[in-house]
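# Structure assessment
Letter by letter, the chains look like this.
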Amino acid sequence: MKKITSIILTVALVATCFIGYNAKTVKAADKALTLGVQYSGSLSSYETVTYTFTMTSSSNVQVLVGSNNEQLWTLRSTDYSVSFSTQTAPSNVACYLPKGKTYELTIKYSGKYTLKVSKIAGDKISSKGKKVVIKSADSKSVGFTFTGTSDYARDNLRIKSSVPKVAKASFSVTGNNSGTITIYPYYIGKTVISLSMVGGNTIKFTVHCTNGHWYVAKGSKAKAPKPKGVKKIKWSSSKKKRIKIKKKSGRIKAKKGGRCTLIAKAGGFKYKVRVYVTDFKKLAKRTYREIKDVVNNPDKLKLYNIYKGYYKMNGHKVPVVYFDYASTNSYGAYVRNKIIAAYDDVGTWGYRYVSNANNVIKKKRIKAKTVKKK
C-alpha cells in the first residue's frame, strides 16, 4: 500500500511540474531605459522583460542586444504606429525612431542578456563628384553616401537649385548609407545643386548645362538666349554668313536659312546654342510639295489660307507656316485639313494637324501663287 501511494505521489509531482513548465510566463517588472546606458539581466524560461523610453527628437538609434542564449526581442511604439520585425540576439540593429513617441523594447525566452540603445549620427553626407556637366536634354545622376538609416535620410535630406530655370534636382535613397541625385536640365547656364542633412552638413554640386537650342526666322534681329547664372559672356558664331552676332551684347542678325551654332564663353566654359534659321519662303514651298506628294489627286488640291508666323512648341517660339487646304478622298469628295509645318533644331522638316490658325502668333498671309513657284 505504501508503495502504491508513493507511485501516485511521484506521478502527480511529475504532472504538476510538466503543467507548470508549459504555463509559466513570468513577466519581470517593466524598466525605464535611458539612451546610451548599458543594461544587463537574466531571464528564466519564457520570461519577458520590457524596457520603455521616449524619443524627444527624431533620431537614428543603434540597438545592441547580447545574449548567452538564443533570445528574441522586439521594438515598437506603444501606439503601434512604429514597429520592427522580431530580432534574434545577439544582434546589432540600426533604426530610425520618430520623436514624440514612447517605445517598448521587449526581450523574451531565457538566459543572460545585455542591452544598450544609443543615438547614432545621421548628419553626415558626402560625394566624390562636385562638378557636373550636362551636354544634352537628358537627365544626369550622381551618387552620394550618408551616415544613419535610409528612413532617417528620406525624412531629413533637403535638395534645392540656386538657379531652378537652369536645372532642378531630386534625390532617392537606394539603401542604407547610399543614394542618388538626379539632375534635370532646362536651360543653358550654371546652377548649384545643394543637398543638406537637417541638423548636419551640406554638399554642393556645380552644374553646367552647356547645350541648348533656339529657333529664329531669316531676317530676325534679336538677342541670343543668354546662359543663366554666369557673367561676362563673349559670343561668337560658327557660321557668320548665316548668323552674325555681336560679341558683347549677343544681338544677332539671321542672314541665311540653315543651321548654325552660337558659342557663349563665360567662366572658362563654352555654352553652345544650336540654332536653325528658317527661311519662310523656302519652308512654304517645301510644305506645298510635301502636301502634293501625299494627296490622292494633286491637280485638285485647293489652298484656302496660308500664313507664316510662330507657334509655341516645347517652350520655344518656332517659325512655322500654316496651311489650310482641301484634297479629294478615294470617293472624290473634298476633305479639309489644317497643318503647321516647321524645321526642328537639326533641320528636319515636320508637320502637325491643328484645328485653326488661332495659336499661330505674329502671322502674315502668304499668297498661294508664291508657294507654287518653282
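Residues numbered from 1 in each chain as written. Predicted model: local features only at pLDDT ≥ 70, side-chain atom pairs only at ≥ 80, totals over all residues. Heavy atoms only, no water.

## Re the confidence of the model for the chain
In this model, the chain carries a mean pLDDT of 88, and residues with pLDDT of at least 70 account for 92%. The low-confidence segment residues 1–29 (pLDDT under 50) makes 14 contacts with residues lying over four places distant or belonging to another chain. (pLDDT = per-residue confidence, 0-100. Contact = heavy atoms within 4.5 Å.)

## Remarks on the sheet that holds strand E27 (residues 361–365)
Reading across from one edge, E26-E25-E24-E23-E27 is the order of the five strands in this open sheet, with antiparallel pairing throughout. A single partner strand is all that each edge strand has here, and the edge strands are strand E26 (349–353) and E27. Between one strand axis and the next, the sheet turns through 30° on average, direction left out of account. Here strand E25 (residues 334–343) pairs with E26 via five bridges, running antiparallel. (Pairing = 2+ DSSP bridges. Helix = DSSP H or I, 4+ residues; strand = E, 2+ residues; numbered from the N terminus. Axes fitted to C-alpha atoms, helices over the stretch in contact; angles between N-to-C directions.)

## Some remarks on the pairing of strand E14 (residues 189–197)
Within a regular strand, side chains alternate between the sheet's two faces. Note: strand E11 (residues 157–161) against E14, five bridges, orientation antiparallel. Within E14, the position partnered with Arg 158 by the bridge is Ser 196. Judged from the eight bridges that link them, E14 and strand E15 (residues 202–209) form a sheet pairing that is antiparallel. Considered in E15, the bridge of Ile 193 is made with Phe 205. Linkage of E14 to E15, two consecutive antiparallel strands, is achieved through a turn of four residues, within which Gly 199 is found at a positive phi near 75°.

## A short note on the packing of aromatic side chains
Tallied over the full model, the rule gives twelve aromatic pairs. For the pair Tyr 39 and Tyr 51, a centre-to-centre distance of 5.4 Å together with 50° between the ring planes defines the contact as tilted. Neither residue differs from the other here; Tyr 39 and Tyr 51 are each classed as buried. Between the aromatic rings of Tyr 351 and Tyr 353, the centroid separation amounts to 5.7 Å while the plane-to-plane angle is 80°, which identifies the pairing as edge-to-face. The partly exposed category is assigned to Tyr 351, whose relative accessible area is 46%. Put simply, the rings of Tyr 39, Tyr 51 and Tyr 113 pair up and form one aromatic cluster. A cation over a ring is seen here: Arg 76 above Tyr 80, with NZ or CZ 3.9 Å from the ring centre. The ring of Tyr 187 carries Lys 228 above its face, with NZ or CZ at 5.0 Å from the centroid. (Phe/Tyr/Trp six-rings, centres within 6.5 Å; stacked < 30°, edge-to-face > 60°. Buried < 20%, exposed > 50% of the residue type's maximum accessible area, 1.4 Å probe, protein only. Lys NZ or Arg CZ within 6 Å of the ring centre and 35° of its normal.)

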